[in-house]
Each structure stands twice: as structure tokens, then as C-alpha cells.
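Per-entry structural report
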Amino acid sequence: MTTEQKREDDQSTTSSPAVGLNGIVEQYRKIREHAETYPYVWASYLVVYGGFGLWATYRWRKLRKTEDRVRALQDRLRKLVDTEESAGSATATPVEKFHPSTEKTSQTADKASKS
């Protein structure tokens, strides 16, 4: 074989994607060699992406805890309203519901009439 054919063979083996377990082992070897050659680069990757991972985990857990707390409060409120409605229907007195939007509009109208 000539040197040109050897180069072509070498290029074809390096440019073709590795298949199967051998390819995985080869990729691992390259990554390991690179990590040993440039340890500070890999350490900075660990610090940065590890920090992002920790922050995302913290925010995710905080969101889940908040959602659980809100669900518990909604259940308590729903039970309270149900008991008031059942007590109200037993005594047959109308229950007046509070609507903050109507109170705000009446306060705004009062302020406008005073001006």
C-alpha cells in the first residue's frame, strides 16, 4: 500500500462515527484524556453547571412547596365555605358574599364625586 492509501484509510476510520460498545469506549477514552489534560476547564464546568443544577433544584422544590401550601389553603377555604353554606341553608338566612372589586369601584366613584 502506498502512503496515500494509508492516509485515506486512517481518515475514513477517524471520520466515520463509531458504532456500538467500541464507539462508547472510544468516546470515553477521548473525554477522559481531555479531562486529564485540562483539569481546570472541567472543574469550571462542574462548578458552573453544578451550580445551575443546584439552583434549579432549589427553585423547583420551593415552587412545589408553595403549590402544596396553596392547595391546602384552598381546601380549607372550600371546607369553610361548605360549612357556612350548609349552616346558612339550615337557618335560611341569606349569606352576603364579599366582592372586593365592587367595593373598590364604589370607593373610586366616591373619590370622583368629591373632586
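Just above sits the structure.
As the structure is a computational prediction, the values presented were derived from the model and not from experiment.

1. So, the packing of aromatic side chains
- Tallying each qualifying case throughout the model produces 3 aromatic pairs.
- Taking the centre distance of 6.4 Å and the plane angle of 50° together, the rings of Tyr 45 and Tyr 49 count as tilted. Taken as a pair, Tyr 45 and Tyr 49 lie in helix 3 (residues 39-91) at a separation of 4 residues, close to a single helical turn.
- On the accessibility criterion, Tyr 45 (41% relative accessible area) is partly exposed.
- When its relative accessible area of 57% is taken as the criterion, Tyr 49 is described as exposed.
- These aromatic residues form a ring-pair network of at least three members: Trp 42, Tyr 45, Tyr 49 and Phe 52.

2. Examining the pattern of salt bridges
- In total, this model carries 7 salt bridges according to the counting rule given.
- The salt bridge partner of Asp 68 is Arg 71, with a shortest N-O separation of 3.3 Å. Taken as a pair, Asp 68 and Arg 71 lie in helix 3 at a separation of 3 residues, close to a single helical turn.
- Members of the salt-bridge network, linked through shared partners, are Arg 64, Glu 67, Asp 68 and Arg 71.

Definitions and cut-offs
- For every chain, the first residue of its written sequence is number 1, and the numbers climb from 1 along that sequence.
- This being a predicted model, a pLDDT of at least 70 is required before a residue's local features are given, and a value of 80 or more before pairs of side-chain atoms are given or counted; all residues contribute to the totals for chains, interfaces and linings.
- Remark: hydrogens and water are excluded; side-chain values derive from all non-hydrogen atoms of the structure.
- When two rings of Phe, Tyr or Trp (its six-membered ring) have centres within 6.5 Å they constitute a pair, described as stacked for plane angles under 30 degrees, edge-to-face for angles over 60, and tilted for the intermediate range.
- Here a strand is any run of E in DSSP of at least two residues, a helix any run of H or I of at least four, and the numbering for each starts at the N terminus.
- Between buried and exposed lies partly exposed: a residue is buried under 20% and exposed over 50% of the maximum accessible area for its type, with that area taken using a 1.4 Å probe on protein chains only.
- Salt bridges are identified by distance alone: a Lys or Arg side-chain nitrogen within 4 Å of an Asp or Glu carboxyl oxygen.

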